[in-house]
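Overview (structure and organization)
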Amino acid sequence: MTKSYGLIGGVLVSALCGCSSGSVSSSKAGGSDNANSGGGAFGAGARPAATGGSPAIIAPAAAAGAAALPPEQEQSLNFLSPQPGKQYVYVANPTRDSVAVIDSVSLAISEVTPGDTPTYVATVPGEDEALVINTGSSTLSVLRTTATGTTVSSPLPIVKGANAIAIAPGGAHAVVWFDAAQPNAKALSGSFQDVSLVTLSPSADAAFTVTVGFKPSAVVFSDDGQAAFVVTSDGISELRFASLQTSVIAPLVRIESSAAPAAGPDAGATSPDAGVAPDVGGPSVDSDSEVGASGGDGGGASEVGARASDAAPVIADATADRADSAPPIAGTGLPVDVSVTRDGHWAIARRDGTNEILLVDLVGNTVRSRYLSSPVTDLDMSDTTDVTGGDIHAFAVLRDESKLVRIAIPDGFTATSPFDTWQLAGETVGLVSISAHGKYAILYTTAVPIKRLVVLPLLPSGTFSPLPVVLQKAIRAVAIAPDESTALVLHTKVPGNATDSGLTLADQLDRSYGYSAARLEDGFAKLQLTSANPDPFAITPDSSSAFVLLRDDASNLRVAEQMSLTTFLVKDFPLGSPPNAIGALAGINHKVFVNQVHSEGRISFINWDWDDGTVESVTGFALNGRIRQ
Amino acid sequence: MKRATRLFLLLGLACQPNSETSSSTSRSVLPMVALDNSVAYVDSSSGSTFLLDPADPALKPRILPTGKSPLAAVKRKGANQLLVLTHGDQGSASTAPEPARLVLIDPASGAAQASYDLPGRYDQLAQSDDGVFAVLTYGSASSGASGSMLYNPNDLEVVRLDGKQPPLASRPIRSLGSVPIGVRFSPRTTLFGQPRTLAVVSAVNYVTLLDLDNAQHTEITVPLVPDGKQTVTPAQILFDMTGPVVYLRADGSNDLFQISLAQSTPADSSSNDFRVSLSLIGSGSAPSDMGMFGTGDKMRIAVTAPGAQQLVILDPKTGNATPVPTGAQVNRILLFQGPSPKSSEIQDRAMLAGVGTGAMALVFADLQNIETAQGLAIESWSLPAPISDIRLLPGNLALLTHQYGYGGAAFSIVNLADRTIEPIGSSGALDDVTVETAAPSRLWGTDGANRMEYLDLAGNLQGREVILDQTIVSITPLASKSGDGKRHLVLEMYDPMNVGYLTVLDADQPDRKGARSAYGFLLTDYLERGQP
Amino acid sequence: MTTIRHAFLILSTAAFVPALPAAADSPAEPAAQAAIPAAIEPGPPSRSWEPFRFSLSAEVQTAWMLQDDARRLWGKRSLAGAGLSLAYDAIDFGGKTTLGLDLSWLSTTASTTNSLDLTQKTSTQVFDLGLSLRYEVFRWLSPYARVAGGMGWTSLSMGSSGLDLHDRVLLYQGSAGAGLLVRSPSVRIGHTRRWPSLAIVGRVEGGYIMGNATSFSLKSSLNGSNQDPIPLEPVSVGQAARRFPYLRITIGVGF
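Cut-offs used in this document
- Residues numbered from 1 in each chain as written.
- Chains lettered and ligands numbered in written order.
- Predicted model: local features only at pLDDT ≥ 70, side-chain atom pairs only at ≥ 80, totals over all residues.
- Heavy atoms only, no water.
- Helix = DSSP H or I, 4+ residues; strand = E, 2+ residues; numbered from the N terminus.
- Buried < 20%, exposed > 50% of the residue type's maximum accessible area, 1.4 Å probe, protein only.
- Contact = heavy atoms within 4.5 Å.
- Areas by Shrake-Rupley, 256 points an atom, 1.4 Å probe, with all protein chains shown as cover.
- Buried area = accessible area lost by both parts, 1.4 Å probe.
- Salt bridge = Lys/Arg side-chain N within 4 Å of Asp/Glu carboxyl O.
- Polar contact = N/O pair within 3.5 Å; in protein donor to acceptor, adjacent residues only side chain to side chain.
- Nonpolar A, V, L, I, M, F, W, Y, C, P; charged D, E, K, R; others polar.
- Pairing = 2+ DSSP bridges.
- Axes fitted to C-alpha atoms, helices over the stretch in contact; angles between N-to-C directions.
- Core = buried A, V, L, I, M, F, W, Y, C linked by side-chain atoms within 4.5 Å.

Moving on to the overall build of chain B. Each helix and strand in chain B was counted, giving 3 helices and 42 strands. Within chain B, the proportion of its 532 residues that are buried is 55%. Within chain B, residue pairs in contact and separated by at least 24 positions form 41% of the contacts whose partners lie at least 6 positions apart. When the accessible area of chain B is evaluated, it comes to approximately 21,300 Å², of which 50% is carbon and sulfur surface.

What follows deals with the interface of chain A and chain B. Taken together, the contact pairs 25 residues of chain A with 28 residues of chain B. Buried area between chain A and chain B, both sides added, is near 2,200 Å², and the carbon and sulfur share of it is 51%. In terms of surface lost to chain B, no three residues of chain A exceed Leu-623, Arg-628 and Gln-629 of chain A, which account for 32% of the buried area on that side. The interface formed by chain A and chain B holds 0 salt bridges in total. Summed over the shared surface of chain A and chain B, the result is 7 residue pairs in polar contact (both at pLDDT 80 or more). Per-element accounting of the side of chain A that touches chain B gives the leading share, 5 residues, to strand 41 (residues 615–619) of chain A. Classifying every residue of the side of chain A that touches chain B by side-chain character gives 10 nonpolar, 10 polar and 5 charged.

Residue and element names in this part refer to chain B. With respect to topology, 4 strands assemble into an open sheet ordered 9-10-11-12, the strand pairing being antiparallel. Pairing within the sheet leaves two strands with one partner each, and these edge strands are strand 9 (124–127) and strand 12 (168–172). Sheet twist, expressed as the mean angle between neighbouring strand axes with direction ignored, is 20 degrees.

Our focus in this paragraph is the nonpolar core. Here is a general trend for soluble globular proteins: nonpolar side chains tend to be buried in one another's company. Of all hydrophobic cores here, the largest spans 43 residues; its most connected members are Met-452, Leu-491 and Leu-523 of chain B together with Val-237 of chain C. Element by element, the count of residues in this core is highest for strand 11 (residues 235–254) of chain C, at 5 residues. Leave out the neighbours within four places in its chain, and Val-237 of chain C touches Leu-523, Thr-524, Asp-525, Tyr-526, Leu-527 and Glu-528 of chain B together with Leu-156, Phe-216 and Leu-218 of chain C. Counting residues in each nonpolar core, the second largest holds 25 residues, with Ile-627 of chain A together with Val-222, Met-241 and Leu-280 of chain B among its members.

Such coordinate-based values are descriptive only and should not be taken to indicate function.
Pasting the structure below:
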C-alpha cells in the first residue's frame, strides 16, 4: 500500500520552517534554524507551540513556594515537512525511496532516488541544496539542483537512527545526529552519543562520526560557520571543523546537573551594586573555576556558584531589587535554552527549573554560574556584535517576579558585575523573544491565559519603556518579523463552542481560534479570528506578509490566509486539499509553498506580493517523477 | 446407333456450358467522403477512387487509380482534397510489391497531388484541424490489422501535408505497455517563439506529446497512473494554448490531468525546448465531460459528474473544486457565450444535459461567479422526452435529439438566450439525421424509407418533405457550390450490390423535380479498367 | 481443355466417317443387277455420291477472347455458342469446285460472377451470311474457304434480378475461315426417285472474326414501375473488342 504524501505530511503537527527567516527570533548566534529541535529549544520561545502530536515541551519544575504555573511551551521543527531552497522545494517520500524536487517557477517536478527510505530533509539556507537522511541505510545524500537537473551525491554513512540535521551558516558543514525528542524517535533506535560531521563540497562531500556528550538536544553554530556546538545532557561538545579531520571524541565543556539546591539570592547585600552571594556548595565545574569560594562579601572571585544579586539595575528608572530571601530552586538541572555568541566563544544556558544561568567559555572550557532571585523560565541572547558598537547580552525571565534581567556577556557573569533588571509590575511574563537585531524584546507567557504581552525596546541602551500590548486572546506563540516592525501572535482557544448562547463577547473570543498582529513601535494590535487553528505559519523574508494555514477536515476548510504586515489586511487562498506545511522560498520569486494532503502529493505556490497573489498548484509527485522528457 | 451415340457425345463435349465462375476477390467500398462540392468513393477491390461531381449532367465519375488495398479515405481538413491511405501489396513471385501509401487527391483536377510511400502498413489516420499534419498509427497490437508479420505497433508516421519539408517523419514512440489509441492535435500557435502544433497520442495509462514541427525531437511520455494497478484510458483532451496547458479527462480516473508546458533549454539537438509537468485536479466522481471557460486567472474548467448530479468548477491554478448541485444526471456540457433571460450581458454560460441517462431535465448554468453563487446560478427545465444527442447550432440555438417513443417529440430546439424549448414532433423515428450548422441551418432526416424530411432551424421551424424513389441511407449536404452554381444535396440510396447509387438534389431548394440519380456508377468503365 | 476436346471431336469425327457405310457404286454390280428380273416390289435404298444442293446443320462455335475487355465482358477466356445454318451450293464450276452460300444463326450466352462480385450475364445473337468455295478432294472430303458477314446484338446484364443494370447493343462482324467438309454418301430415304437423298454432312472450320467494339451503357429498370421516376443516368461500362479466333463445327444433313 503506497503511503501517501499526505499521510507523511499528516504526521507533521506543524511545520514551521525556520528557513523562513522571519519566523523565529534570531537571537541565537549563527546556525541554521533547521537544527532546532525541541529538546533544547534554544533561541527563545519565539516559535509556536505544537498542536497535537508530540510537541517538544520544556517543563521546568515549578519553583518551590511559587505559584504552580504550568510550564511554558515551545515547539520543535520537524524535518518530515517539505523543505524549501531558493527556487526548489524538496519533498521526501520514504515509501517510494524518492525525493520530489519541485521547481517553484515552472512547477516542473523531478524525482530523484537518493537512497533507501529518504525521510528527513533539510536545505541549505538560500540555496537549492538539500541534505536527505536515508533511514533505511543510515546514509546521507546531498542533492544539488540547477536548471539542468538535480545531482545526487553518493550516500555518505552517518550515525544510525539519525533524524536531525543542522547546517552551518555558509553551508560548508552540517551535523547530523539522533534527536530523541523528535516525533517518532524511538528509544534505542539511534546513537545517543554519536553525531556525523559532514563536509559539503560539490566535488567532495564527506562525513565522519564524532563522539559527543550524552543525548544531544541541539546544535548551534558560530556565525562564521567554522564551529558547531552540540548541546548534550553532559554539557556542550565542541566541533571545530578546521581541527577535525577524522573521528574523535569531541571536547566537552561539562555542565553537570545540579545535585543540590543552589543558594538563593544575596541575603545580606546592602549595596545595590553588590551582587555576589556566598557559594553554598554550588556544583564544581572546570578546573579553572574558583571552587569553594565562600561569599558573603559579595566580592569573591569565584565564578562558580555565583548567584545573582538583586542589585539595583543600571537603568535609572528600573526598580532596584532587594535581595530575596527565597532559597535557591532545584529543578531537573538539565541545561536548556542554550545560545552561542556569533564568534563561538561563549554560550549561555539555564538550568531547567532553577535560578541558575550558566556562561560557558567554549574556548577556555570553563563554566560560570550566576544565580538569580527566582527560577529562570526563559533565557535568550542578543548578539549585535555584527554591527559597530554592538554587544552581547543574555536575557533571563524571572516569571515569579515578573522580571527581565539583562546580563552582559561575558562580563556580567563575574561575581560582582551588575546586571540590569526590569520589573514589569503587574505583568506575568515567562518567555522572551529578542528581535533579529536586538531592537526589541517581547515578553509574554503561555503558561496562563494572559491576554497581554510586553514590548520592551532594547535600544538605545539606558532607556526602559516597556509597552504593554493588550490582546483579545491568550497567547500560544509569538514570532517577530525580520524587520523588527511587527510580531505575529498565535492565540489559544478555550474549549467550547463560541456560538453557544449566553456568552459574553470575551467568552466568545476565548472560544474562537485566531491570531493577532502587533506593531512593535506603538503596540497597535489587530485580532483576526479564524475558523480553524492557525497553524503552521510563516513570515516572508521581506517581512511584508505572514501566512497561516487554516484546516478543518470536518467542514472542508482548506485555506492559506495571508495577512499584510503593513496594513494588517487579510486575504484567503482556497486550496484543493488540506494543508499541512508552509514555508517561504529564499529566492527572488516571492513565493511561499503550501504542502497539502493528497495521495499523489500536492503543493501550491503562492506569490506573496499583495497585488499579485498568483497561486499555482501541482499534484502528483510520483507521476511527475515518471515523466520521460 | 453406337456411332450416333458417340457423335452426340462428342458434340456434347464441344458444347460446354458457358457458366464458369471467374475468380473474384471479396469487394468492399469505403464509405462515401463528402468534399466541398463533390463526393468520393474508394473501391478497395480495384484500388480506384471515384470522384463524382453532382453538377455533371451525366453523373459520370472520374476514376483515379489510387493504390492497392485502400483502407481509409477522408477529406483533408481545411482543404478540398481527399486523403486515401492504402496498404499496398506485399507482392508475390509474379507480382511486384507495392508499398503502402498516403495519397492526396485534388477532386478538381481528378489527379493525385501528392503520394507518399510509407514505411509501414498503418491503418489509422488522424489529422490536425488545419490540415497541415496527419499522423498515421497502427490501430492494434495484433498483426491482423496491418497484415504485417512483424511490426512495432508504437511506430507512427508524421506526414506534413502543406508541402513543407520534410514531408515524412517516422517516429517510433516510447511505450509503457500499450499502443496508441488516438491522436489529438493542438491548435497551431506560436509556442516559445515558434509556430508549432503539438500532438497528444493517447494510450492506456499514458499519453505522449510530440512537437510535430520538430518531429525528430524526443517525445515526452506522461504517465497517468503511478503503477500498474489501475487502468486509465484518455477520453477527452482540451488545449489551453495561453498556458500552454493540456487538460485531459480519462475514464477510470476521478482526476483531471493538467499537463503544463514550460520553456527550457534543450540539452542537445534532439531535445525539446520545453518541459512538461503534470498535476492532478480532483474533479469529483467519474467526470463525463469538461469544458473551459474564462480567461487568464479566471479560467476555469467545468466538469459534469453525473453520478453525483453535480457540475464541478475547477480552478486549475489552485486545484480548488467547487461542486454545484444540478439536480439531474447530466453528463454533457455545451458551453456558449450569450445573454440569459435575466441578463442581457454576454457571458460564459452552459447548457447541461443527460444524454442517454434518461434524465428529463435540461440545466442551464451561468458560469460567471458560479463558484460564489453556486446553486443560484443553476436553472433547470423539464423535457418532453429523454435525450439521445445534443448539438450546438449557430444563433445561440441548440438541438436536442430525443429518444423515440416518449410522446412523439423527435427533437427540441432550444433557444439558449431565452431558455425556451420547442419540441418538434414526428410521426415516426427519424433515421440518419444530419444537421447542417452552416447557414441555412437545416436538419435533414429520413423515415427509414424513401421519404426525406427537413426542417429550417433558423426559420419558422416548418418541416418539408421530398419523396424519392428508393430507400434513403444517408443525407449529405455539400458545403460549397458546384460548377453549376448550385449547392447540392447528395443522398446515398439503398444499394445492396454496392454498385453506387446516389440521388442529387439542390440543397437550397430540394425538390423531387430537380432530382437526378446515378445507379451503378461504380461500374463505370469496368470493361476497360485494369484487373483488380 | 476445351481445345483438346474439340481436337478430339474433330479426330473422332474424321475416324468416324470412314465407319459410315461405303458408297457401293462399283461396275460389277450393274451386271448382277441386270440378271435379276425387274420385280414388282421396290428395291433396297440407293446410295450415291451425288452432290447435294442444300444442307441444314446444327453448329457449335467456340471463340477465344484475347483482349482483357472482352474477357471481362464474357467473364472467361473461351466460350461456345450454338446455332443453325443452312447452306446452298450455288454454283458448280464443274469438276470439283463449288461455290456455296450459307445462312447461319449463332447464339452465345455466358453467366458469371465478375470481379465486382456481381452476377454478369452476356449473350450474343448473330446472323451470318457466308460465301464458301469448296474443292472436292475426295468424294467425302472437301476443304473450303469461307468468308461471312453478319449482324446481331449483344446484351449485357449485371446484378441480381430487380436491381440489375442491362444494355443491348447491335453488332456487326465479318469473318474469314477455312475448313473441311466431310460427307457421307447420299441415301434415298424413299422407294422412288421422288424421295430425296440425304447425306450426313459435317464441317470443321476455323477462322477469325472481326466486329465492331461493343460499347455498353447500362441502364436500370429500378424505378420503372413509378409513374414519374427520377431520371436515372445510364452508366457507361466501356467497350469490349470483338475480334477473336473461332472454331466452328457443324453437323447436319445434306439434301
